[in-house]
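# Structural overview
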Amino acid sequence: MTSKKTKLPFGERVKREWNRNAIVYIFLIPVLIHFVVFQVYPFLLSFYLTFMDWKVIGDPEFVGLKHWQYFLTDKLAWKALWNTVMFSVYYILPTMALGLILALIINSGVKSARFFKGVFFLPVVTSFVIIAGIWGWLFRGTDAGLINYIISFVGIEPQLFLSNSSQALAVLAGLSIFKVGGSTMIYYFAGLQSIDKQLYEAARIDGASAMEIFWKVTFPLLRPIHFYVAITTTIGSFQIFDSAYLLTGGGPNYATTTIVYYLYEQGFTGLNLSYAAVLSYVLFAIILVISLIQRKYLGQESKHY
Amino acid sequence: MLKKVITYTALFILGFCFLLPFVIMILGSFKDVEFAQLDPLFWIPDEPTLKNYLYIMRDGLFVRWILNSVIITIIPVASQMIFCAVLGYIFAKKQFPGREAIFWTFMAVIMIPQQLLIIPKFIMFSDFGWINTYWALIVPELWGIMGVFLVRQFLQNIPNDLEEAAYIDGANDIQIFMKVILPLSVPVVATVGTFSFISNWNDLFQPLIYLTQEKMFPVTLGLASMLGKEGNFGIEMAGSTVSFIPTFLIFLFFQRYFTEGIQMSGLK
């Protein structure tokens, strides 16, 4: 830090501060303004909005807790929440398992590991629109769908997939698993690389089999990563929207109406922005709770080291 | 030996499954599909044709979508790289009142889902007259807290000696940033740039909310409108392939920065 409490004249002190910290003032001030305008203000405005009836034309009207009360009795909103929870069930563990398997393969010293790492990561950088487009054709609910064609070889009848209200959500989860597995792989790969090789050596000398080494050494040592990946995929699953919008439009029979899809429909198809704001605060509350659990747990975890 | 067989079998099966959708996309884009819709292997072209590509280029709308995507991607990418580099430096190395408070306020805001902010932003942008303009998609993305966080993490691990030496030589902080800090930060700034590119190029939700005029659409939204309308596999796949090329090239050249960035953002 600069030498403090010198009795330099004011002008000199300003000049010195400018020399040392000009960059702070030049960049931080516009960023703070931007932050207030595009993050803080909208956040507060949205909360205010939940107590108002917003209209396309004219001033909003104060309605108190009307929208919040409506949420409590809105069966569709609770169905959307339930669908989102079910999506998480289909999505979280398979994504973690796929990521771990991919990382184990890449880490096992196979040839062309770099190439395959790229292949597995490719869907992560590809737009949802592209993948959904292909996915929609793969899972066509007729004989002409490739997946139906493949399962016909093992004697399974053609399925309706996206048009079946009990299958559609799982097909969308499958799309997300395919899209996100590669980034989960990267976390697990980093975790695997940080494990001390001597631990494997020691276990092998003790006569442990490859399976035992995995379940008793590798898997428990990856615990911080399991936890981190579980949290991020959970948060991601509550924000799922793109695939439902692109492939099913929330249907059939609201089976794929997730919380964000319902929010979108209420707010931007129905122009009921105030109620959409209530839904967005519900989403925020859920994500906040998950994040706080993460903070608390990660705090404890780091004490062990 | 057995372990090796299992590993390689799994590798090839999974590799095949991950590549197949992309193979279907590219092969399908060369297929004249109208007469073959009932065949599950319809995406294999028997007589490759450029018909689908010519079709999407026919009226200039698709080209316009690509151009829109380029505009709403390139400007935020450039700005993010500059602002995140400088702010990461400020929060890692500079001393000023409120530094920690400001940084952790920024970090706390990450927990607010974008879907919450988009509703009030829609109202604000309607007032600003930003609906159906590039402004709504460019201005909010000019910097990002995640990028600042990445650069800060990176610079915190670099000792202060170089900076101190430069101060003693009489350099001011802007010179120090340009000549000492920036050259060191090239990899992490590249990471910020690649992340920003992918998230802006692929974004569907914000364009969907802020844009209603077809000619303003980025390619994601344009393609989404085609998926509903065309019902023609070959044309959809041609559109997908064209919009995939920029992300693929970025990925091909900057793959390292992606994976390193993901690791840095998650595991401190």
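Residues numbered from 1 in each chain as written. Chains lettered and ligands numbered in written order. Predicted model: local features only at pLDDT ≥ 70, side-chain atom pairs only at ≥ 80, totals over all residues. Heavy atoms only, no water.

### A look at the overall build of chain B
Helix and strand content of chain B: 12 helices and 0 strands. Of the regular secondary structure in chain B, the N- to C-terminal order runs α-α-α-α-α-α-α-α-α-α-α-α. The C-alpha radius of gyration of chain B comes to 23 Å, more than 25% above the 18 Å expected for a compact globule of 268 residues. Once the C-alpha set of chain B is aligned to its principal axes, its extents read approximately 75 × 65 × 30 Å. Expressed as a percentage of its 268 residues, the buried residues of chain B come to 57%. For chain B, the proportion of contacts with a sequence separation of at least 24, taken over those separated by at least 6, is 73%. Positive and negative side-chain charges of chain B, numbering 16 and 19 respectively, have mean locations separated by a distance of 6 Å. (Helix = DSSP H or I, 4+ residues; strand = E, 2+ residues; numbered from the N terminus. Rg over C-alpha atoms; globule rule 2.2 N^0.38 Å. Buried < 20%, exposed > 50% of the residue type's maximum accessible area, 1.4 Å probe, protein only. Contact = heavy atoms within 4.5 Å. Lys, Arg positive; Asp, Glu negative; His and termini not counted. Charge placed at Lys NZ, Arg CZ, Asp CG, Glu CD.)

### Considering the packing of aromatic side chains
The description of an aromatic ring pair uses the distance of the two centres, along with the angle that the planes make with each other. Applying the stated rule across the entire model yields 53 aromatic pairs over all chains. Both rings, one in Phe241 of chain A and one in Tyr245 of chain A, keep their centres 5.6 Å apart while their planes meet at 15°; by these two values the pair is stacked. Judged by relative accessible area, which is 3%, Phe241 of chain A ranks as buried. In textbook terms, an aromatic cluster arises when at least three aromatic residues are bridged by ring pairs, as seen for Phe115, Phe116, Phe120, Trp135, Phe139, Phe161 and Phe178 of chain A together with Tyr8, Phe12 and Phe18 of chain B. (Phe/Tyr/Trp six-rings, centres within 6.5 Å; stacked < 30°, edge-to-face > 60°.)

### Looking at helix 1 (residues 2-28) of chain B
Given a rise of 1.5 Å per residue, 27 residues ought to cover 39 Å, and the 38 Å separating the end C-alpha atoms of helix 1 of chain B matches this to within 8%. The largest bend in helix 1 of chain B is about 35°, located at Leu19 of chain B, with the proline Pro21 of chain B one to four residues further on. (Expected span 1.5 Å × (residues − 1). Bend = angle between axes of the 7 residues up to and from the residue.)

### Observations concerning the packing of helix 3 (residues 75-107) of chain A against helix 10 (residues 223-238) of chain A
Residue and element names in this part refer to chain A. Between helix 3 and helix 10, the least distance of the axes is 9 Å, while the angle of their chain directions is 140°. As for the relative orientation of helix 3 and helix 10, their crossing is right-handed in sense. Listed contacts from helix 10 to Thr84, Val85, Phe87, Ser88, Tyr91, Ile92, Thr95, Met96 and Leu100 of helix 3 are His226, Val229, Ala230, Thr233, Thr234, Ser237 and Phe238. Each residue belonging to the contact of helix 3 with helix 10 can be placed in one class, and the counts come to 9 nonpolar, 7 polar and no charged. (Axes fitted to C-alpha atoms, helices over the stretch in contact; angles between N-to-C directions. Left-handed = near helix turned anticlockwise from the far one by under 90°. Nonpolar A, V, L, I, M, F, W, Y, C, P; charged D, E, K, R; others polar.)

### Overview of the interface of chain A and chain B
Opposite the 83 residues of chain A that make contact, chain B presents 91 residues. Across the interface of chain A and chain B, roughly 8,000 Å² is buried in total on both sides, 81% from carbon and sulfur atoms. Among the residues of chain A in contact with chain B, Ile23, Phe38 and Trp137 of chain A are the three that bury the most area, contributing 9% of the side total. On the surface where chain A and chain B come into contact, there are 0 salt bridges. The interface formed by chain A and chain B holds 9 residue pairs in polar contact (both at pLDDT 80 or more) in total. Grouping the amino acids of the side of chain A that touches chain B by side-chain chemistry returns 60 nonpolar, 15 polar and 8 charged. (Buried area = accessible area lost by both parts, 1.4 Å probe. Salt bridge = Lys/Arg side-chain N within 4 Å of Asp/Glu carboxyl O. Polar contact = N/O pair within 3.5 Å; in protein donor to acceptor, adjacent residues only side chain to side chain.)

### Things to note about a nonpolar patch on the surface
On the surface, a nonpolar cluster with roughly 820 Å² of combined accessible area is contributed by Trp18, Tyr25, Ile26, Ile29, Ile33 and Val37 of chain A together with Phe128, Ile174 and Met178 of chain B. Listed by contribution, the elements that provide at least two residues to the nonpolar patch are helix 1 (10-49) of chain A together with helix 9 (173-202) of chain B. It is helix 1 of chain A that contributes the most residues to the nonpolar patch, 6 residues altogether. Among the structural elements, Tyr25 of chain A can be located in helix 1. (Patch = residues over 30% accessible without salt bridge, like charges linked within 9 Å, V, L, I, M, F, W, Y side chains within 5 Å. Areas by Shrake-Rupley, 256 points an atom, 1.4 Å probe, with all protein chains shown as cover.)

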